[in-house]
Amino acid sequence: MHDTATMLIELGAIILVLGLLGRLAGRVGFSPIPLYLLVGLAFGHGGILALQASEEFIAVGAEIGVILLLLMLGLEYSASELVTNLRTQYPSGVVDFVLNAVPGAVAALILGWGPVAAVALAGVTWISSSGVIAKVLGDLGRLGNRETPVVLGVLVIEDLAMAVYLPILTAVLAGAGLAGGSVTLLIALGTVGAVLYLALRHGRLISRAVSSDNAEMLLLVVLGLTLLVAGVAQELQVSAAVGAFLVGIALSGEVAEGASNLLTPLRDLFAAVFFVFFGLSTDPSDIPPVLVPALLLAIVTASTKIATGWYAARRAGIKGAGRWRAAGTLVARGEFSIVIAGLAVGVEPRIGPLATAYVLILVVVGPLTARWTEPLARKVTGRPETPVEPGRAVPEPAKV
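Conventions used here
Residues numbered from 1 in each chain as written. Predicted model: local features only at pLDDT ≥ 70, side-chain atom pairs only at ≥ 80, totals over all residues. Heavy atoms only, no water. Salt bridge = Lys/Arg side-chain N within 4 Å of Asp/Glu carboxyl O. Helix = DSSP H or I, 4+ residues; strand = E, 2+ residues; numbered from the N terminus. Buried < 20%, exposed > 50% of the residue type's maximum accessible area, 1.4 Å probe, protein only. Core = buried A, V, L, I, M, F, W, Y, C linked by side-chain atoms within 4.5 Å. Contact = heavy atoms within 4.5 Å. Patch = residues over 30% accessible without salt bridge, like charges linked within 9 Å, V, L, I, M, F, W, Y side chains within 5 Å. Areas by Shrake-Rupley, 256 points an atom, 1.4 Å probe, with all protein chains shown as cover. Phe/Tyr/Trp six-rings, centres within 6.5 Å; stacked < 30°, edge-to-face > 60°. Lys NZ or Arg CZ within 6 Å of the ring centre and 35° of its normal. Axes fitted to C-alpha atoms, helices over the stretch in contact; angles between N-to-C directions. Parallel < 35°, antiparallel > 145°, perpendicular 65-115°, else oblique. Left-handed = near helix turned anticlockwise from the far one by under 90°. Nonpolar A, V, L, I, M, F, W, Y, C, P; charged D, E, K, R; others polar. Expected span 1.5 Å × (residues − 1). Bend = angle between axes of the 7 residues up to and from the residue. Polar contact = N/O pair within 3.5 Å; in protein donor to acceptor, adjacent residues only side chain to side chain.

Enquirer: Please give an account of the pattern of salt bridges that cites residues and values.
Expert: Tallied over the entire structure, the rule returns six salt bridges. The partner of lysine 305 in a salt bridge is glutamate 158, with the nearest N and O atoms 2.5 Å apart. With a gap of 147 residues between them, lysine 305 in helix H12 (residues 288-315) and glutamate 158 in helix H7 (residues 148-173) connect regions that are remote in the sequence. The exposure class of glutamate 158 is buried, given its relative accessible area of 1%. When salt bridges with common partners are traced through the structure, they connect Asp96, Glu158 and Lys305 into a single cluster.

Put into structure tokens, the structure is as follows:
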């Protein structure tokens, strides 16, 4: 009874602090992610005040947070949108991978962490933060700009690539050999292909089977189905997050919109818990030794993301100012870098502190580069300011 009371007090205090910090971040105009990570560092082992009774509950909440993040991401896209983006944006996706994954892999090898850590750190530096970028685009009033679909296209390619990368990473971390890793990859590719095919051909039937006019029933069915599929995917070593992402893709239309509205508050709550849990599992004293590598890696990969965005916008025929706006927008890293690092800490514990410092830097720098890259480029080149090229209004991607 005493443990239950202690757990409730700890959880209540943490959630209240998260809420207050989230409001503060909103007023300042920054993502709350770095503040959530700092809360975890403060309440974890080696922090100011270590939690006693609620750590196990928070660990389960963190797992649910990852699953809901990927589910909501899947709900944002239809299968046809994913296929279209894959066809039109894959060259930009390849450039994105080469420019941003390679520095992470090279850094891990230079630090002497080995090939397994290199695969993990490559993912940490590769994937941009959809949540932070969505907020920045909204705050800067750029959702209708002509370059915004290019930015979203790169993010979609990254999200789809996660469905292949996460199973590979899971197999590598589990120590599977070449044969075992190949089987896992084939299962992942087969599952992704099958879900895309079913969603394209029979998406309406799937959505109709899940649909309900009762909000409570819709919430229970979608959440229950997602957790079930995520659990089965994890048993197959395909990754629970990928299973959740595929459930989101399979649902479309009014069902996807209704489920998204119902699940958004849950996603926000458990995503915050996930970031706190990652901070809890990181000892603050482990961060100073990796601060310099994290800063150098942040400088390099901020530059490579700027190059990625500029290339993607140029390829789409966007003019100079729009290219630089797209370039600066992609810099922020966040939720997926932490997800990947969380999977890898069991193999290489130093990835956790490095990823925490890396994300803290770029989640703060990202909104600044989005705002100032284009004006700075204009000043350096001496070109006059050009009006924003309007484009069709685009849907806002998932927020965190």
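Having seen the model, we can carry on.
Enquirer: For the nonpolar core, give the residues involved together with the corresponding values.
Expert: Core analysis: the largest hydrophobic core is formed by 96 residues, its most contacted members being Leu37, Leu70, Leu71, Leu121, Val222, Ile340 and Tyr358. Tallying contributions element by element places helix H11 (residues 253-280) first for this core, with 13 residues. Those residues in contact with valine 222 that lie beyond four places of it in its chain are Leu71, Val210, Leu251, Ala259 and Leu263. If you look at the next biggest cluster of nonpolar residues, it comprises 12 residues, including Val151, Leu152, Val154 and Ile318.

Enquirer: I'd like a rundown of a nonpolar patch on the surface, residues and numbers included.
Expert: Together, Leu86, Tyr90, Val94, Phe97, Val98, Val102, Val106 and Ile110 make up an exposed nonpolar region whose accessible area comes to about 740 Å². Positionally, tyrosine 90 belongs in helix H4 (residues 79-110).

Enquirer: Provide a residue-level description of the packing of aromatic side chains, including the pertinent values.
Expert: Overall, the coordinates contain four aromatic pairs when judged by the stated rule. Put simply, the rings of Phe97, Trp126 and Tyr165 pair up and form one aromatic cluster. Sitting over the ring of tryptophan 310, arginine 323 keeps its end group 5.3 Å from the ring centre.

Enquirer: How would you summarise the packing of H11 against helix H14 (residues 335-344) if you had to cite specific residues and measurements?
Expert: Contact pair H11 / H14: the axes reach a minimum separation of 11 Å and the direction vectors enclose 45°. Taken as axis vectors, H11 and H14 run oblique relative to one another. Considering how the two elements wind past one another, H11 and H14 form a crossing that is left-handed. Residues Phe274, Phe275 and Phe278 of H11 form the contact with H14, whose own contacting residues are Glu335, Ile338, Val339, Ala341 and Gly342. Of the residues contributing to the contact of H11 with H14, the split by class is six nonpolar, one polar and one charged.

Enquirer: Go over helix H15 (residues 351-381), please, and point to the residues and values.
Expert: A rise of 1.5 Å per residue sets the reference length of H15, with its 31 residues, at 45 Å; its end C-alpha atoms lie only 39 Å apart and thus fall more than 12% short of the reference. At tryptophan 372, H15 is deflected by roughly 45°, the largest bend along its length, and proline proline 375 occurs up to four residues later in sequence.

Enquirer: How would you explain the packing of helix H3 (residues 55-76) against helix H10 (residues 240-250) if you had to name every residue and give the values?
Expert: Contact geometry of H3 with H10 gives a least axis separation of 7 Å together with a crossing angle of 30°. Classified by the angle between their axes, H3 and H10 sit roughly parallel to one another. You can see that H3 and H10 cross each other, and the crossing is right-handed. Between H3, through Val66, Ile67, Leu70, Leu71, Leu73, Gly74 and Leu75, and H10, the contact on the second element is made entirely by Ala240, Ala241, Ala244, Phe245, Val247, Gly248 and Ile249. Of the residues in the contact of H3 with H10, the class split is 12 nonpolar, two polar and no charged.

Enquirer: Quick rundown of the environment of glutamate 147? Include the residues and the values.
Expert: By the element assignment, glutamate 147 lies in the loop between helix H6 (130-139) and H7. In this structure, the C-alpha to C-alpha distance between glutamate 147 and arginine 314, residues 167 residues apart in sequence, is 9.6 Å. Excluding residues that lie within four positions of it along the chain, glutamate 147 makes contacts with Arg142, Ile318, Gly322, Arg325 and Ala326. There is a polar contact of 2.9 Å between the side chain of glutamate 147 and the side chain of arginine 325.

Structural measurements only, silent on function.
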